Amino acid sequence: MTMERVLQHLYLVGMAAGFTIISGLVLGILAYLYKPVRPFVLWTVDILQTIPVLALLGVLSIVAGSSSTTVIIGIVLYSLLPVVRNTYVGLTSVDPAIKEAATGMGMTKVQKIISVELQLAFPMIFTGIRIAIVTSIGTAVFGAVVGGGGLGSVINRAILIQDMDTLLEATLALMVMAVVFDFGMGYVEKRLKARRIQTVLEEDSTLQGKEIV
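Please read all numbers here as calculations on a predicted model, not as lab measurements.

**Here's the deal with the overall build of the protein**
Phase 1 of the analysis: Helix and strand content of the protein: 8 helices and 0 strands.
Phase 2 of the analysis: Order of helices (α) and strands (β) in the protein, N terminus to C terminus: α-α-α-α-α-α-α-α.
Phase 3 of the analysis: When burial is assessed residue by residue, the protein has 41% of its 213 residues classed as buried.
Phase 4 of the analysis: By sequence separation, contacts in the protein at least 24 residues apart represent 79% of the contacts at least 6 residues apart.

**Details of the pattern of salt bridges**
Phase 1 of the analysis: Taken as a whole, this structure holds 2 salt bridges when the rule is applied.
Phase 2 of the analysis: Notably, a salt bridge pairs R85 with D46, separated by 2.8 Å at the nearest N-O pair. One end of the pair, R85, is in helix 4 (residues 68-92); the other, D46, is in helix 2 (residues 38-50), with 39 residues separating them in the sequence.

**Re the packing of helix 1 (residues 3-33) against helix 4**
Phase 1 of the analysis: Running from N to C, helix 1 and helix 4 cross one another at 40°; their axes reach a closest spacing of 6 Å. When the interaxial angle is binned, helix 1 and helix 4 end up oblique. Where helix 1 crosses over helix 4, the handedness of that crossing is right-handed.
Phase 2 of the analysis: Per-class residue counts for the contact of helix 1 with helix 4 are 20 nonpolar, 8 polar and no charged.

**Considering the packing of helix 1 against helix 2**
Phase 1 of the analysis: Look at helix 1 against helix 2: their axes get within 8 Å of each other, and the N-to-C directions meet at 145°. Together, L27, A31 and Y32 of helix 1 and R38, V41 and L42 of helix 2 make up the contact between the two elements.
Phase 2 of the analysis: Residue classes in the contact of helix 1 with helix 2 are distributed as 5 nonpolar, no polar and 1 charged.

**Focus on the nonpolar core**
Phase 1 of the analysis: Core analysis: the largest hydrophobic core is formed by 54 residues, its most contacted members being V84, I129, I133, L151, I155 and L174.
Phase 2 of the analysis: Sorting the residues of this core by element identifies helix 1, helix 2, helix 3 (53-64), helix 4, helix 5 (96-104), helix 6 (109-139), helix 7 (151-160) and helix 8 (164-212) as the ones contributing at least two each.
Phase 3 of the analysis: The leading source of residues in this core is helix 4, at 11 residues.

**Observations concerning unusual backbone geometry**
Phase 1 of the analysis: Backbone geometry at Q162 places phi at a positive 55°, although glycine is not the residue there.
Phase 2 of the analysis: Along the chain, the position of Q162 falls in the loop between helix 7 and helix 8.
Phase 3 of the analysis: Owing to a relative accessible area of 72%, Q162 belongs among the exposed residues under this scheme.

**Concerning the packing of aromatic side chains**
Both the distance between ring centres and the angle between the ring planes are used here to describe each pair of aromatic rings.
Phase 1 of the analysis: In total, this model carries 1 aromatic pair according to the counting rule given.
Phase 2 of the analysis: With a centroid separation of 5.9 Å and 50° between ring planes, the pair formed by F122 and F126 is classed as tilted. Placement of both F122 and F126 in helix 6 is noted, with a separation of 4 residues, approximately one turn of the helix.
Phase 3 of the analysis: Residue F126 is classed as buried on the basis of its relative accessible area, which comes to 12%.

**Quick look at helix 5**
Phase 1 of the analysis: Within helix 5, burial applies to I98, K99, A101 and A102. Within helix 5, the buried residues cover an arc of 160° as seen down the axis, which keeps them to one side. Summarising the geometry of helix 5, the exposed residues directed more than 90 degrees from the buried face are P96, E100 and G104.
Phase 2 of the analysis: In the stretch just after helix 5, G106 is the one whose phi turns positive, near 95°.

**Focus on helix 1**
Phase 1 of the analysis: Helix length check: helix 1, at 31 residues, gives a terminal C-alpha distance of 45 Å against a target of 45 Å (1.5 Å per residue), a fit within 8%.
Phase 2 of the analysis: Three or more residues of helix 1 are buried, namely V6, H9, L12, V13, A16, A17, T20, G24, G28, I29, A31 and Y32.

**Section: a nonpolar patch on the surface**
Phase 1 of the analysis: Among the surface-exposed residues, I22, V26, L30, Y34 and V37 lie close enough to one another that they form a single nonpolar patch of about 440 Å² accessible area.
Phase 2 of the analysis: Tracing the chain through its elements places I22 in helix 1.
Phase 3 of the analysis: A residue is classified by how much of its surface remains accessible, and I22, at 55% relative accessible area, is exposed.

**Describing the environment of F181**
Phase 1 of the analysis: You can see F181 is positioned in helix 8.
Phase 2 of the analysis: Placed 51 residues apart in sequence, F181 and R130 show a C-alpha to C-alpha distance of 8.0 Å.

Rules behind the numbers
Residues numbered from 1 in each chain as written. Predicted model: local features only at pLDDT ≥ 70, side-chain atom pairs only at ≥ 80, totals over all residues. Heavy atoms only, no water. Helix = DSSP H or I, 4+ residues; strand = E, 2+ residues; numbered from the N terminus. Buried < 20%, exposed > 50% of the residue type's maximum accessible area, 1.4 Å probe, protein only. Contact = heavy atoms within 4.5 Å. Salt bridge = Lys/Arg side-chain N within 4 Å of Asp/Glu carboxyl O. Axes fitted to C-alpha atoms, helices over the stretch in contact; angles between N-to-C directions. Parallel < 35°, antiparallel > 145°, perpendicular 65-115°, else oblique. Left-handed = near helix turned anticlockwise from the far one by under 90°. Nonpolar A, V, L, I, M, F, W, Y, C, P; charged D, E, K, R; others polar. Core = buried A, V, L, I, M, F, W, Y, C linked by side-chain atoms within 4.5 Å. Phe/Tyr/Trp six-rings, centres within 6.5 Å; stacked < 30°, edge-to-face > 60°. Arc of directions from axis to C-beta. Expected span 1.5 Å × (residues − 1). Patch = residues over 30% accessible without salt bridge, like charges linked within 9 Å, V, L, I, M, F, W, Y side chains within 5 Å. Areas by Shrake-Rupley, 256 points an atom, 1.4 Å probe, with all protein chains shown as cover.

Honestly, it's all geometry; don't read function into it.
Pasting the structure below:
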């Protein structure tokens, strides 16, 4: 196993994470704002999560060919659910009184979402991002079957030639990645949740004060 394979794996996870966060936020906000598209968006991400990873990558490889891009697309589709769900739930859980106060200040829907609601919902959204990224570390292993490279190719080769040492090294590397990301993002998540109550109180008092003025 070489550092190049580890970096390839991190590249796949990092690129997929970026597209997952952007796509998940957009879809979650759309589901929150537009009731007619809400069932379709939530149902679609639910269905994508139920498709076996290998089957999803196989279909994508037939359409787009075998490459790292195919793997990234597959990881994104498979990781959307927690980000979309948590974005939607986080936005709907914002205190209605704060939303009404923002409306009373003359804010549009977009202004309310950007300036108030997304900030208050971010701790829950971040939880979804954390789940998506940690899950994608393991999911990226299956990308080796469509030429994605990374640690998946190392594991596949080690199994074929029965190289137990390399297999254990690659597995350990995956475990370290998952633990580091999980604990690191978990720490940030706790800090965000600890500050959420204070932020809610500050936003509430600020908005009420501006509304009175």
